[in-house]
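# Observations on chain architecture
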Amino acid sequence: MDPEIAALAASAGTALVTALATEAWQSASEGLVALWRRVLPGRADAVEAELEATRGDLLGARDEGDEETPAELAAEWQGRLRRLLSAHPEAADELRTLLAQAQPPAAPVITQHATASGNSRVYQAGRNVNIGPR
């Protein structure tokens, strides 16, 4: 197997399971089902149901404090995606695009500048600042 395909499947499987536990789950699920509809239309409905079941298992595991189930679910999806990409390598670019869209946006860069003169003070912070007697 192509190592690049295996790496893509591994990262996509992990990202998918991570996304299923967040607010982005609907978008991630729809994107993956759409990919399956284009590549293997006969399996798309089953994949959609499997994603729903995975989300239910994942949320249940999180509620119970089960830390092993998310890794197991990620491994299952890694295998599914690896098999899909092995049979249909042309789907790799679309999966890469879905993976990029699932990544959270980068934190904004904040730059602060201050000038103090005389006996003045400057207090700057990127978050909360508490100024008071010690």
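Summarised in this report is the structure supplied together with it.

## A few points about the pattern of salt bridges
What the rule picks out here adds up to seven salt bridges. Close ionic contact of Glu 50 with Arg 80 constitutes a salt bridge, the shortest N to O distance being 3.5 Å. With Glu 50 in helix 3 (residues 44–64) and Arg 80 in helix 4 (residues 68–87), this residue pair connects regions lying 30 residues apart in the sequence. Residue classification places Arg 80 among the buried residues on the basis of a relative accessible area of 19%. Overlapping salt bridges bring together Glu 4, Asp 93 and Arg 96 as one network.

## Observations regarding helix 4
For helix 4, which comprises 20 residues, the first-to-last C-alpha distance of 29 Å matches the rise-based estimate of 28 Å (1.5 Å per residue) to within 8%. Along helix 4, the residues classified as buried are Thr 69, Leu 73, Ala 74, Trp 77, Gly 79, Arg 80, Leu 81, Leu 84 and Leu 85. Close packing links the buried residues of helix 4 with helix 1 (3–20), helix 2 (25–39), helix 3 and helix 5 (92–102).

Calculation notes
- Residues numbered from 1 in each chain as written.
- Predicted model: local features only at pLDDT ≥ 70, side-chain atom pairs only at ≥ 80, totals over all residues.
- Heavy atoms only, no water.
- Salt bridge = Lys/Arg side-chain N within 4 Å of Asp/Glu carboxyl O.
- Helix = DSSP H or I, 4+ residues; strand = E, 2+ residues; numbered from the N terminus.
- Buried < 20%, exposed > 50% of the residue type's maximum accessible area, 1.4 Å probe, protein only.
- Expected span 1.5 Å × (residues − 1).
- Contact = heavy atoms within 4.5 Å.

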